[in-house]
Amino acid sequence: MTGARILDGKAIAETIKQEVRHELSAAPDRPVLAILSFQNPQNPSSEAYLRAQERMAQSLGIDVRPRLLSWNDDQRAVEHLIKEWNQIKQIHGIFVHQPMPPKVDPQHVSAIIDPRKDIEGIHPQNMARRFFARGRIGSCTALAVMRLIEETGVELAGKEAVVVGHSEIVGRPVSMLLLDKLATTTVCHVGTDRAGRLEEHVRRADVLVVAVGRPRFIQGAWIKPGAIVIDVGINVDGGKVVGDVEFEEARKRASYITPVPGGVGPVTVMMVMKNTVEAFKLQQHG
Ligand code: NAP
């Protein structure tokens, strides 16, 4: 076996970029995305990240209203701003950077964003729509995972799909999207691991999606020969950014694999933009 084909997230992100640009070039108005970030003392690059996101959106034809709050700001300050943005008709999408300051509850924040402007797909209403397979705006990371799988051209119906991690923003929405494609889907979590059954499930996965947040947690030797491996994890280990899967070993067995960095990450970033366009269309035409 020559080893897995690499699913190049940067190249796929570039394709999505062109799709978004093309779609907006024909639109009479430009979507407006409001972005809230925080001056995190632990992460001095948060402002630079906000500016980079702003430049990228503008290059696609999306206008941005950026706002930077302090790390001392509380729930009331964030709520006040979001409620104001909810009321402004000219704002079509709202994105709030994570992590949020200690005095802000992220779950509460996702629940007060107008669901039509929730371009991260994290509002309970949008999550519920996904459950009933009716959602137009989904979790950006989950949509990115599906786009990467789609790139392989493999038909998912009847395949064994295993998702490791059941978080609200990744594991759960990914499992719903896999079900929509008629994959036989198993969701593993800390209980599976405690029961000593994680390896057993991973070994039978035709499609494996891992979103745990532990460096090289899934052993390469567990990967079923020919599997599609989508590694969502982003971890810093020994000064290097690595995923949740032992990449080199897994690559020898898989048919397709995402690298970290350069796999799911860049596609997720672009899905935020794609969701902004979707929200814009929903608000313009219903
Ligand atoms: P999270 O909210 O911390 O969820 C982690 C999940 O892993 C939880 O469901 C947890 O289950 C499960 N888990 C923990 N220990 C486990 C074990 N020993 N065996 C099996 N499952 C276990 O994290 P997340 O937001 O989903 O993110 C996961 C990773 O993806 C992180 O590295 C994050 O940085 C990365 N990420 C990347 C992108 C991207 O665009 N590339 C986007 C989002 C997240 P319990 O809740 O039962 O403990």
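About the thresholds
- Residues numbered from 1 in each chain as written.
- Predicted model: local features only at pLDDT ≥ 70, side-chain atom pairs only at ≥ 80, totals over all residues.
- Heavy atoms only, no water.
- Helix = DSSP H or I, 4+ residues; strand = E, 2+ residues; numbered from the N terminus.
- Rg over C-alpha atoms; globule rule 2.2 N^0.38 Å.
- Buried < 20%, exposed > 50% of the residue type's maximum accessible area, 1.4 Å probe, protein only.
- Contact = heavy atoms within 4.5 Å.
- Areas by Shrake-Rupley, 256 points an atom, 1.4 Å probe, with all protein chains shown as cover.
- Lys, Arg positive; Asp, Glu negative; His and termini not counted.
- Charge placed at Lys NZ, Arg CZ, Asp CG, Glu CD.
- Pairing = 2+ DSSP bridges.
- Axes fitted to C-alpha atoms, helices over the stretch in contact; angles between N-to-C directions.
- Patch = residues over 30% accessible without salt bridge, like charges linked within 9 Å, V, L, I, M, F, W, Y side chains within 5 Å.
- Salt bridge = Lys/Arg side-chain N within 4 Å of Asp/Glu carboxyl O.
- Near = heavy atom within 4 Å.
- Polar contact = N/O pair within 3.5 Å; in protein donor to acceptor, adjacent residues only side chain to side chain.

**Q** Describe the overall build of the protein chain, with residues and values.
**A** Within the protein chain, the regular secondary structure consists of 11 helices and 11 strands. Over its C-alpha trace the protein chain gives a radius of gyration of 19 Å, about what one expects of a compact globule, namely 19 Å for 286 residues. Projected onto its principal axes, the C-alpha positions of the protein chain cover 55 × 40 × 35 Å. Each of the 286 residues in the protein chain was classed as buried or not, and the buried ones make up 49%. Within the protein chain, residue pairs in contact and separated by at least 24 positions form 71% of the contacts whose partners lie at least 6 positions apart. Counting only carbon and sulfur atoms, one obtains 51% of the accessible surface of the protein chain, whose full area is about 13,900 Å². Counting 36 positive and 33 negative side-chain charges, the protein chain places the centres of these two groups 2 Å from one another.

**Q** Before we move on, could you go through the sheet that holds strand β3 (residues 63-70) and cite the residues and values that matter?
**A** Across the sheet, which stays open at both edges, the 3 strands sit in the order β3-β2-β4 with parallel pairing between neighbours. Strands at the two margins of the open sheet, each flanked by one partner only, are β3 and β4 (93-96). Averaged over all adjacent pairs, the angle separating strand axes in this sheet is 20°, with direction ignored. Examined bridge by bridge, strand β2 (residues 32-39) and β4 share 4 bridges and lie parallel to one another. Within the sheet, the bridge partner assigned to Ala34 lies in β4 and is Ile94. Helix α2 (residues 46-60) rests against β2, β3 and β4 of the sheet, and its axis sits at about 170° to β3.

**Q** Talk me through a nonpolar patch on the surface; I want residue IDs and the actual numbers.
**A** A cluster of nonpolar residues, Ile234, Val236 and Val241, forms a patch on the protein surface that exposes about 300 Å² of accessible area. Turning to its location among the elements, Val241 is positioned in strand β10 (residues 240-242).

**Q** Residues and numbers for the site of the ligand, please.
**A** Surrounding the ligand, one finds 21 residues, the nearest of these being His166, Ser167, Asp193, Ile234 and Thr268. Note that a nitrogen atom of the ligand is positioned 3.5 Å from one of the backbone N or O atoms of Val190. Within the contact set of the ligand, a nitrogen atom lies 3.5 Å away from a backbone nitrogen or oxygen of Val232. When residues of the shell around the ligand are assigned to their parent elements, the largest contribution, 3 residues, is made by helix α11 (residues 264-285).

**Q** Quick one: what's the story with the pattern of salt bridges, residue by residue and with numbers?
**A** Applying the stated rule across the entire model yields 16 salt bridges. Its salt-bridge partner being Glu23, residue Lys281 comes within 2.6 Å of it at the nearest N-O pair. Placement of Lys281 in helix α11 and of Glu23 in helix α1 (residues 9-25) is noted, with a sequence separation of 258 residues between them. Connected via shared salt-bridge partners are Glu19, Arg147 and Lys274.

**Q** Report on the environment of Ser59, specifying residues and quantitative values.
**A** Considering the arrangement of structural elements, one finds Ser59 in helix α2. Ser59 sits 196 residues away from Ser255 along the chain, and the two C-alpha atoms are 35 Å apart. Once you skip the residues sitting within four places of it in the chain, Ser59 turns out to touch Lys17 and Arg21. Here the side chain of Ser59 touches Met56 through a polar contact of 2.7 Å, landing on its backbone oxygen.

**Q** A description of the side chain of His123 should follow, citing residues and the corresponding values.
**A** Within the secondary structure, His123 sits in the loop between α4 (106-112) and α5 (124-131). Sequence-distant contacts of His123, defined by excluding residues within four places in its chain, comprise Ser110, Ala111, Ile113, Pro115 and Asp118.

**Q** Mind laying out the side chain of Asp244, listing which residues take part and the relevant values?
**A** Relative to the assigned elements, Asp244 resides in the loop between β10 and α10 (247-253). There is a polar contact of 2.7 Å between the side chain of Asp244 and the backbone nitrogen of Val212. Within the local environment of Asp244, its side chain forms a polar contact with the backbone nitrogen of Arg214, the two atoms lying 3.0 Å apart. In this view, Asp244 contacts Val210, Ala211, Val212, Gly213, Arg214, Pro215, Arg216, Phe217, Ile218, Asp231, Gly233 and Asn235; residues no more than four positions away in its chain are not counted.

**Q** Requested: an account of the environment of Phe95, with residues and values cited.
**A** For Phe95, the location among the structural elements is in strand β4. Note on Phe95: relative accessible area 9%, which makes it buried. For the pair Phe95 and Val272, spaced 177 residues apart in sequence, the C-alpha separation works out to 8.4 Å. Contacts of Phe95, omitting those with residues within four sequence positions, involve Leu33, Ala34, Ile35, Leu36, Gln53, Ile119, Glu120 and Val272.

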